[in-house]
Protein chains: 2
Amino acid sequence: MKRSERLVVMTHYLLDHPRELVSLPFFSETYQAAKSSISEDLGIINQMFQKESIGYLQTVSGAAGGVKYIPQFSKEYSESFVNQLCNRLEDPERLLPGGYLFMSDLLGEPQTVRNIGRLFASAFADKEVDVVMTVATKGIPLAYAVASYLNVPVVIARRDPKVTEGSTVSINYVSGSTRKIQTMVLTKRSLQEKSRVLIIDDFMKAGGTITGMKNLLEEFNAITAGIGVLAEAEDEEEERVVHDYLSLVQIINVDDRNKQIKVTNGNLLDKIT
Amino acid sequence: MKRSERLVVMTHYLLDHPRELVSLPFFSETYQAAKSSISEDLGIINQMFQKESIGYLQTVSGAAGGVKYIPQFSKEYSESFVNQLCNRLEDPERLLPGGYLFMSDLLGEPQTVRNIGRLFASAFADKEVDVVMTVATKGIPLAYAVASYLNVPVVIARRDPKVTEGSTVSINYVSGSTRKIQTMVLTKRSLQEKSRVLIIDDFMKAGGTITGMKNLLEEFNAITAGIGVLAEAEDEEEERVVHDYLSLVQIINVDDRNKQIKVTNGNLLDKIT
């Protein structure tokens, strides 16, 4: 295989296997090329990935060494993406009764969801994460997008147990905004003890649902490795119960009467260098 | 930019924009190269994409022409993937009370879900699809995976309306297996009239839920462009009410007493050439 041909297939392979250690001998055998040629190929790929804000190749040295493709957005790209998202969310057409914002269209765009996933993966790149967790329904696409770039599985907590899930562990929690007692369940066999779990959700107000997920993780003797939410909103009535989280955007003000929404970037951008 | 460098970034660009028409002048300007060089690059990429079962580049000629990356699995790869899936599903550990099969672990693996998505996208490649639809909860990751490769948005029907969704259209349908009357809702603004909709779900027995989605689409004056389910199961009591669908696997027999499960490939493989 010629270098030009190898670069196409190696680029695809790396993009398709994020954060997976790939050894030089693997590439060398698969594409029938000397290790020195493979090294040069990887150098070109690494340079281009960085230039185009795709991520970078991490070199792991030693006998069991190789390279890992780490997906990452540049600061510049991240800022422009988040700004664009804020602008789209400020559209007064999104206003729903009760001061809620319609976001399902954005969350229905696979490209937007993938970008959000890559941003969270960039921000949590330094955390050790075994699994991504969310609660049904709206957080699901985001959780998969993040998990896809972190190359870890997803587990989904539900508000109601289902027969097709087997035995579950359930907890009760207080929804921060409505003060109602709610239930959350997770299938027993879906999560191993000591797993390091990244919690992802679409929306956080006081943080009741996130706290519910944290409590559920405690039942499994699992560890909360991080918390990421797409949008956080201020809650006047309640003190926020969750503090150590990253948000992509912050809904500052929803003025139902004057049809005005103010959305600004969350604290996630500070984590991207 | 040198050819070797261009091949890396063009490969990434195409993979990131499936089924999107990209003009030669776009590549030529973005990467500062003659159109003839870009043409040669695309030739190499096309050849390698086909060789590695990634898909192919479709050439659209004329003034508004260019290339489109069409994700596609080869017959060989598709067969081996489906066989592997069948083997994993036949594990007696998956048996749940009532003859249900535990599948959440498979559906929690982003790589597996992406592969399933690419298989459906390959099988429905010749259909005109504007949007992918599913019903919460388990079909959601599959719907996003398919939509991602078809480069179209996702809409999610729910079994209960939510305040954060705005006004909805609701229908009642009869669940084929349990004979219970159920409700399904879809947000009014999520789907345009005349949309061509690909329905994706994780599981089908008699087909009541799928029929519910079809009825919901009729309320929106939308068109069912295709139906894809991950697993179909035989239903002894009921006649199947849905016929024109593609399934990845078929659960032939679940023997609760002897702890045996028989899973074979569905009719989707026949569509892959």
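Position labels on residues start from 1 in each chain and follow its written sequence. Here every chain gets a letter starting at A, and every ligand a number starting at 1, in the order they are written. It should be noted that, the model being predicted, local features are given only for residues of pLDDT at least 70 and side-chain atom pairs only at 80 or more, the latter also being counted only at that level, while totals for whole chains, interfaces and linings use all residues. As a rule here, side-chain values come from all non-hydrogen atoms in the structure, and water together with hydrogens is ignored.

(A) Expanded view of the overall build of chain A. Counting its secondary structure elements, chain A contains 8 helices and 12 strands. Here the C-alpha coordinates of chain A stretch approximately 65 × 45 × 30 Å along the principal axes. For every residue, the accessible area obtained with a 1.4 Å probe (protein chains only) is divided by the maximum for its type, and the residue is called buried under 20%, exposed over 50%, and partly exposed between those limits. Burial status across chain A gives 55% buried among its 273 residues. Every residue pair with non-hydrogen atoms within 4.5 Å of one another is taken to be in contact. The long-range share in chain A, meaning contacts at least 24 apart out of those at least 6 apart in sequence, stands at 60%. Only DSSP runs of H or I reaching four residues or more are called helices, and only runs of E reaching two or more are called strands; each is numbered from the N terminus.

(B) The interface of chain A and chain B, seen in detail. Facing 52 residues of chain A, the contacting portion of chain B comprises 52 residues. The quantity reported as buried area is the accessible area (1.4 Å probe) lost by two parts once they are put together, taken as the sum for both. Among the residues chain A hides against chain B, the three largest losses belong to V8(A), Y144(A) and R189(A). Together they make up 13% of the total. Salt-bridge detection follows one rule: a side-chain nitrogen of Lys or Arg within 4 Å of a carboxyl oxygen of Asp or Glu. At the boundary of chain A and chain B, one finds 2 salt bridges. For D16(B), the salt bridge is made with R114(A), and the minimal N-O distance between the two is 3.8 Å. Each polar contact in these results corresponds to two N or O atoms within 3.5 Å; when the atoms are within protein, one needs to be able to donate a hydrogen and the other to accept it, and residues that are neighboring in sequence are counted only if both atoms are side-chain atoms. Counting across the chain A and chain B interface gives 10 residue pairs in polar contact (both at pLDDT 80 or more). Mapped by element, the contributors of at least two residues to the side of chain A that touches chain B are α1 (3–16), α3 (35–51), β3 (95–96), β4 (100–101), α5 (104–107), α6 (110–123) and α7 (140–150) of chain A. Broken down by element, the side of chain A that touches chain B gets its largest block of residues, 9 residues, from α1(A). All amino acids are sorted into three groups, where Ala, Val, Leu, Ile, Met, Phe, Trp, Tyr, Cys and Pro are nonpolar, Asp, Glu, Lys and Arg are charged, and the leftover types, Gly among them, are polar. Classifying every residue of the side of chain A that touches chain B gives 28 nonpolar, 12 polar and 12 charged.

(C) Region of interest: the environment of S74(B). Residue and element names in this part refer to chain B. In this fold, S74 is placed in the loop between β2 (66–71) and α4 (75–89). Counting along the chain gives 22 residues from S74 to E52, while the straight-line C-alpha distance between them is 8.6 Å. Among the polar contacts listed, one links the side chain of S74 to the backbone nitrogen of Y77, at a separation of 3.1 Å.

(D) Inspection of α3(A) at higher detail. Helix length check: α3(A) (17 residues) gives 24 Å between terminal C-alpha atoms against 24 Å at 1.5 Å per residue, within 8%. Those residues of α3(A) not exposed but buried are I38(A), D41(A), L42(A), I44(A), I45(A), N46(A), M48(A) and F49(A). Those residues of α3(A) that are buried are in contact with α1, α2 (24–30), β1 (55–60) and β2 (66–71) of chain A together with α1 (3–16) of chain B. To estimate how far a helix should extend, the number of its residues minus one is multiplied by 1.5 Å.

(E) Structural detail: the sheet that holds strand β12 (residues 260–265) of chain A. Residues and elements named next belong to chain A. Pairs of strands are assigned from DSSP output, requiring at least two bridges between the strands. An order of β6-β5-β9-β10-β11-β12 is seen for the 6 strands of this open sheet, with the pairing classed as mixed. Every other strand in the sheet has two partners, leaving β6 (154–157) and β12 as the edge strands with one partner each. Across the sheet, the mean angle separating the axes of adjacent strands is 25° when strand polarity is ignored. Alignment of strand β11 (residues 246–255) against β12, held across 6 bridges, turns out to be antiparallel. Across the sheet, residue N253 finds its bridge partner in β12, namely K262. Under this scheme, a helix contributes an axis fitted over its contacting stretch, all axes are lines through C-alpha atoms, and angles between N-to-C directions fall in the 0 to 180 degree range. Contacting β5 (131–135), β6, β9 (196–204) and β10 (223–233), helix α8 (residues 208–219) runs over the sheet at an angle of about 160° to β9.

(F) Representation of the pattern of salt bridges. Residues and elements named next belong to chain A. Considering all chains together, one arrives at 18 salt bridges over all chains under this definition. The partner of D105 in a salt bridge is R94, and the shortest N-O contact between them spans 2.8 Å. Taken together, the positions of D105 in helix α5 and R94 in the loop between α4 (75–89) and β3 put the pair 11 residues apart, joining distant regions of the chain.

(G) Region of the structure containing the domain arrangement of chain A. Residue and element names in this part refer to chain A. By the assigned domains, chain A splits into domain 1 (3–71) and domain 2 (75–271). On a C-alpha basis, the centroid separation for the pair domain 1 and domain 2 is 33 Å. Taken together, the contact pairs 7 residues of domain 1 with 9 residues of domain 2. Summed over both sides, the interface of domain 1 with domain 2 buries roughly 650 Å², with 46% coming from carbon and sulfur. The largest share of the area that domain 1 buries against domain 2 comes from P18, R19 and P71, three residues that together contribute 71% of it. Our count for the domain 1 to domain 2 interface comes out at 0 salt bridges. Between domain 1 and domain 2 we count 4 residue pairs in polar contact (both at pLDDT 80 or more) in total. These domain limits were set by an automatic method or by a database of domain assignments.

(H) Region of the structure containing the relation of the copies chain A and chain B. Copies are brought into register by a least-squares superposition over C-alpha atoms of residues with pLDDT of at least 70 in both. Note on the copies: chain A fits chain B at an RMSD of 0.0 Å, the axial shift is 0.0 Å, and the rotation between them is 180°. Both chain copies can therefore be described as sitting about a two-fold axis. Of all interface residues in chain A, 100% are interface residues in chain B too; the two copies therefore contact each other through one and the same surface.

(I) Looking closely at the packing of aromatic side chains. Each aromatic pair joins two rings of Phe, Tyr and Trp (for Trp, the six-membered one) with centres within 6.5 Å, and gets the label stacked for planes under 30 degrees apart, edge-to-face for over 60, and tilted for any other angle. Tallied over the full model, the rule gives 14 aromatic pairs over all chains. Note on F49(B) and Y69(B): the rings are 5.3 Å apart at their centroids and 70° apart in plane angle, and the pair reads as edge-to-face. Placement of the pair is F49(B) in helix α3 (residues 35–51) and Y69(B) in strand β2, with a sequence separation of 20 residues. Charge-over-ring contacts are defined here by two conditions on Lys NZ or Arg CZ: a distance within 6 Å of the ring centre and an angle within 35 degrees of the ring normal. For the cation-ring pair, K205(A) lies above Y100(A), with the distance from its terminal atom to the ring centre recorded as 5.9 Å. Residue placement shows R189(B) over the ring face of F102(A); its charged tip is 4.3 Å from the ring centre.

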